[in-house]
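Descriptive analysis of the structure
Each chain, letter by letter, is given below.
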Amino acid sequence: MPTAFITGATAGIGAAFARRLASDGFDVVLLARDTARLEAAAADLRDRYRVRAETLTADLATEEGLAAAEERARENVDLLVNNAGFGNKGVFLDVPVGDELTMLKVHCEAVLRLTRAAVPGMLERGRGGVINVSSVAAFATRGTYGASKAWVVSFSQGVAEDIASRSGGRVRVMALCPGFVHTEFHERARMDMSDVPGFMWLDKDAVVDAGLRDLRRGVRVSVPSVQYKAIVGLTRLLPQGLVARLSSTRGRRYD
């Protein structure tokens, strides 16, 4: 059985990846901070899909957690999904600098280190993939969150190009950039999302389906859904000042 390693695997897009990959016959390694929730998720996948479901309790904002995740990523991982992430409550200057640095550690350092840990084994075996979950915010103006997700896109494209000649296209790295998705993300950040129209919300299972399809096709930056493809295209055509004003306010009201 191939093995998928998914971070942030107990909720939202991460949990959707775990379910989809287990249903496709992957053994899964689930990483999150909540042991009880991890064990419940793993038990459900074992019972439902008859696959191996391993758990790793780790906080990717800590050196100990990152080191444990790196060690596991080096061990026979066929698909790595770097999904762990969060939003801070408030805009820049309203958020403690320590919280902003924690975001960079989880969104950037963890993605770099786990990708670096997993890819050499994939190249040696001649197959594998990495999906780094970014966001449409990478193409907009969303403070530290958007900046960190822009880094994920650039990093993923760079690694994909760097390994292309070594892998012959058999090891792929992709940034997945969804828009607003119905998950726990916004509730945890205490964001008021009432100003976001219904057509801008995506289903997490549809996001996973699109991401896996694009990975198979060799796409390096995947933007699920027609509406967000159009939005990203517009951000490249409109004046950057206008894009900044529009994107910095939508869905950024806090309770």
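Whatever comes next refers back to the structure up there.
It should be emphasised that the depicted structure is a prediction, and the values quoted were computed from it without experimental measurement.

Scanning the protein from N- to C-terminus turns up nine helices and 11 strands. Relative to its full complement of 255 residues, the protein shows a buried share of 50%. Excluding contacts between residues fewer than 6 apart, the proportion of contacts in the protein whose partners are at least 24 apart in sequence is 71%. As displayed, the protein offers around 11,900 Å² of accessible surface, 53% of which is attributable to carbon and sulfur atoms.

Bringing a nonpolar patch on the surface into the picture now. There is a patch of nonpolar side chains on the surface, built from Val 97, Leu 101 and Leu 104 and spanning about 280 Å² of accessible area. Counting through the fold element by element, Val 97 comes out in helix α4 (residues 97-125). We classify Val 97 as exposed; its relative accessible area is 61%.

Turning our eyes to something else, we now look at the sheet that holds strand β5 (residues 128-133). Strand order in the open sheet made by the seven strands is β3-β2-β1-β4-β5-β6-β10, with parallel pairing throughout. The outermost strands of the open sheet, each flanked by one partner alone, are β3 (53-57) and β10 (221-222). Bridging between strand β1 (residues 3-7) and strand β2 (residues 27-32) involves five bridges; their strand directions are parallel. Within β2, the residue paired with Thr 7 across the bridge is Leu 31. Against the sheet, helix α7 (residues 204-217) touches β4 (79-82), β5, β6 (171-176) and β10, its axis set at about 145 degrees to β6.

Of all five residues in β1, five are buried; the element is thus mostly enclosed. Residues Thr 3, Phe 5 and Thr 7 point to one face of β1 and Ala 4 and Ile 6 to the other, with burial holding for every one of them. Handedness of the β-α-β unit built from β1, helix α1 (residues 12-23) and β2 comes out right-handed. As defined by bridge partners, β1 adjoins β4 across three bridges and the pair is classed as parallel. Bridged to Ile 6 within β4 is Val 81.

Counting 42 residues, the largest nonpolar core has Ile 6, Phe 17, Leu 21, Leu 30, Leu 79 and Ile 131 as the members making the most contacts within it. When residues of this core are assigned to their parent elements, the largest contribution, six residues, is made by α1. Excluding anything up to four places from it in sequence, Leu 79 contacts Thr 3, Ala 4, Phe 5, Leu 21, Phe 26, Met 122, Gly 129, Val 130, Ile 131, Leu 212 and Leu 215. If you look at the next biggest cluster of nonpolar residues, it comprises 27 residues, including Phe 5, Ala 84, Val 119 and Met 122.

Once that is clear, we can look at the packing of aromatic side chains. Scanning the entire structure with this criterion turns up two aromatic pairs. Here the aromatic rings of Trp 151 and Phe 155 are separated by 4.7 Å at their centres, their planes lie at 10 degrees, and the arrangement is stacked. Remark: Phe 155 and Trp 151 occur in helix α5 (residues 143-167); sequence separation between them is four residues, near one turn of the helix. Both rings, one in Phe 180 and one in Trp 201, keep their centres 5.5 Å apart while their planes meet at 45 degrees; by these two values the pair is tilted. Placement of Phe 180 in strand β7 (residues 180-181) and of Trp 201 in strand β9 (residues 201-202) is noted, with a sequence separation of 21 residues between them. Residue classification places Trp 201 among the buried residues on the basis of a relative accessible area of 18%.

Cut-offs used in this document
Residues numbered from 1 in each chain as written. Predicted model: local features only at pLDDT ≥ 70, side-chain atom pairs only at ≥ 80, totals over all residues. Heavy atoms only, no water. Helix = DSSP H or I, 4+ residues; strand = E, 2+ residues; numbered from the N terminus. Buried < 20%, exposed > 50% of the residue type's maximum accessible area, 1.4 Å probe, protein only. Contact = heavy atoms within 4.5 Å. Areas by Shrake-Rupley, 256 points an atom, 1.4 Å probe, with all protein chains shown as cover. Patch = residues over 30% accessible without salt bridge, like charges linked within 9 Å, V, L, I, M, F, W, Y side chains within 5 Å. Salt bridge = Lys/Arg side-chain N within 4 Å of Asp/Glu carboxyl O. Pairing = 2+ DSSP bridges. Axes fitted to C-alpha atoms, helices over the stretch in contact; angles between N-to-C directions. Right-handed = clockwise from strand over helix to strand, strands pointing away. Core = buried A, V, L, I, M, F, W, Y, C linked by side-chain atoms within 4.5 Å. Phe/Tyr/Trp six-rings, centres within 6.5 Å; stacked < 30°, edge-to-face > 60°.

All quantities given are derived from atomic positions and should not be read as evidence of function.
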